[in-house]
Amino acid sequence: MRRRLALLVAAAMALVLTAFLLPLALLIQTVAAERAVGAATTEAQALVPVIATGDRQALELGVQEAAARSGQPFTVFLPDGAVVGTPAPRTNGVRLAALGNSITVARDDGREILIAVGLAHGTTVIRTVVPSAELRHGVPQAWLILALLGIVLLGAGIAVADRLARTIVREITGLAGVSHRLADGALEARADVTGPPEVRAVAGALNHLAERIQHLVRAEREAVADLSHRLRTPLTALRLEAEALADPQEAQRVGEQVAAVNRAVTDLIEGARRRGSGPGSCDAAEVVAERAAFWHALAEDEQRVMTVVPSAGPLPVAVGRGDLSACLDALLGNVFSHTPPGTAFTVRLAARPGGAVLTVADEGPGFGGGDPTRRGASGAGSSGLGLDIVRQTARTSGGRLTIGDAMPHGALVTVELGAAATLGAR
């Protein structure tokens, strides 16, 4: 923006300076030429009284003195055909002036000044030539001064415009910084309402938007917390029912499922509370091992071959523990939901520069057409939120989600997770 403003000011000032300095330069050239012609004409007219006396010797002396003062040749053409001063041919201009008209003739090498002096016995013509160099005397220097003046004015204008633009850009850069802070989750960030009226209006609108976002996030947290609190009552009742089962093993299995649901609800509440405060961190190796053990029992019930290729921990990633658990549960839940019983699958976790890579591959029918990550889209009657949750988790951590086909057949989901500097408890 600063560059554009500087170019705009430079273009405008260049036009103004051109419109001002060009006529002034032409005027200086005209004044210099008129000054030189005027000085030569004055010298020539000084010979008129001497010509009127009719003294040939005095006339010759006067012509020599005029030529010495002006540095220009002077020639006097007398009516009898005699020539006094610097020899010169009788040009057409001389013949025309001999008719009684004082004239100035433009020549390639300068200007020819002819003054007619009428006497009783005829017309005498005084001739001198002002060379082109004399006509332009001092003009190049004056033009150089004008050019330097124009450059100085142009530079000063650009400097002033850049200073003003820097003030405006500083305000706009501040607004951009606030918007980036809001995007990073700092919902308390507010812009300073300063600067030009337009910038103040944008700052006010940005602050209003930030307040609205903060209000919506707060309302969402309250709604999630309220919904989660309502779920605890039936979960408590379900846990009591599980404890009342006659078979201890069945009671333990159902109780573990209820505890897992309870943990998921707790993670949901904590995730809603910390939303907007940035991603958490956890040990991906520990979380993957824990969730793989949870799903292993169900895989045995459906006679699925579950292969887990863990990574040597700890492997810190920029994802909260609950979010990574939900991500892996969504991937494995898709395997159980969209592949027939007995379908083998593999869970692999590996380190990569800048984070970790989690892959889930199965030997099922694979993905059909369309975008399986589109939120709410499902070809198997589910909610269509699983892969979107995975994609959001990967993006939040600084990674990405890739979906493809496994070899020789099946689905392959690759989740790249960003690295965390330290392990957190979330």
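Procedures and definitions
Residues numbered from 1 in each chain as written. Predicted model: local features only at pLDDT ≥ 70, side-chain atom pairs only at ≥ 80, totals over all residues. Heavy atoms only, no water. Helix = DSSP H or I, 4+ residues; strand = E, 2+ residues; numbered from the N terminus. Core = buried A, V, L, I, M, F, W, Y, C linked by side-chain atoms within 4.5 Å. Buried < 20%, exposed > 50% of the residue type's maximum accessible area, 1.4 Å probe, protein only. Contact = heavy atoms within 4.5 Å. Axes fitted to C-alpha atoms, helices over the stretch in contact; angles between N-to-C directions. Left-handed = near helix turned anticlockwise from the far one by under 90°. Nonpolar A, V, L, I, M, F, W, Y, C, P; charged D, E, K, R; others polar. Parallel < 35°, antiparallel > 145°, perpendicular 65-115°, else oblique. Pairing = 2+ DSSP bridges. 1 Å grid on protein atoms, 1.4 Å probe; cavity = no way out; pocket = protein on both sides within 12 Å on 5 of 7 lines; lining within 4 Å. Points joined across faces, edges and corners; volume = space filled by probe spheres on them.

Asks: Provide a residue-level description of the environment of Gln392, including the pertinent values.
Replies: Relative to the helices and strands, Gln392 resides in helix 11 (residues 386–397). Residues Gln392 and Cys327 lie 65 residues apart in sequence; the distance between their C-alpha atoms is 9.2 Å.

Asks: Got a sec to walk through the nonpolar core? Specific residues and values, please.
Replies: Counting 33 residues, the largest nonpolar core has Val347 and Val415 as its most contacted members. Here this core takes eight residues from helix 10 (residues 321–338), the largest share from any one element. Once residues within four sequence positions are removed from consideration, Val415 is found in contact with Leu331, Ala356, Val357, Leu358, Val390, Ala394, Arg400 and Leu401. With 20 residues, the next largest nonpolar core counts Val37, Val76, Val84 and Val130 among its residues.

Asks: Quick rundown of the environment of Ala147? Include the residues and the values.
Replies: Along the polypeptide, Ala147 turns up in helix 6 (residues 139–183). In this structure, the C-alpha to C-alpha distance between Ala147 and Leu22, residues 125 residues apart in sequence, is 9.8 Å.

Asks: Give me the packing of helix 9 (residues 284–301) against helix 10: which residues, what numbers.
Replies: Where helix 9 contacts helix 10, the two axes come as close as 10 Å, and the packing angle between them is 35 degrees. The hand of the helix 9/helix 10 crossing is right-handed. Each of Ala284, Glu286, Val287, Val288, Glu290, Arg291, Trp295, Leu298 and Ala299 in helix 9 lies in contact with helix 10, whose residues at this interface are Arg321, Leu324, Ser325, Leu328, Asp329, Leu332, Gly333 and Phe336. Here the residues of the contact of helix 9 with helix 10 sort into ten nonpolar, two polar and five charged.

Asks: Tell me about the packing of helix 1 (residues 2–45) against helix 6, residues and numbers included.
Replies: When two helices pack together, their arrangement is given by the angle between the helix axes and by the axis-to-axis distance. Packing of helix 1 against helix 6 brings their axes to within 9 Å, and their N-to-C directions diverge by 160 degrees. With respect to each other, helix 1 and helix 6 are oriented roughly antiparallel. As helix 1 runs across helix 6, the sense of the crossing is right-handed. Residues that form the contact of helix 1 with helix 6 fall into these classes: 22 nonpolar, three polar and three charged.

Asks: So what about the sheet that holds strand 4 (residues 110–119)? Which residues, and what values?
Replies: The five strands are arranged 2-1-5-4-3 in an open sheet whose pairing can be described as antiparallel. Single-partner strands in this sheet number two, and they are strand 2 (83–85) and strand 3 (103–107). Strand-to-strand twist across the sheet, computed as the mean angle between neighbouring axes with direction ignored, equals 20 degrees. Pairing between strand 3 and strand 4: five bridges, direction antiparallel. Bridge assignment links Arg107 to a residue of strand 4, and that residue is Gly110.

Asks: Before we move on, could you go through the layout of surface pockets and cite the residues and values that matter?
Replies: What the second largest pocket holds in volume is close to 260 Å³. Elements supplying a minimum of two residues to the lining of the second largest pocket: helix 8 (248–274) and helix 9. Grouping the amino acids of the lining of the second largest pocket by side-chain chemistry returns five nonpolar, one polar and five charged.

Asks: An account of unusual backbone geometry is requested, with residue identities and associated values reported.
Replies: In this model, Gln303 sits at a positive phi of 55 degrees, which is unusual for a non-glycine residue. Mapped onto the fold, Gln303 is located in the loop between helix 9 and strand 7 (306–309).

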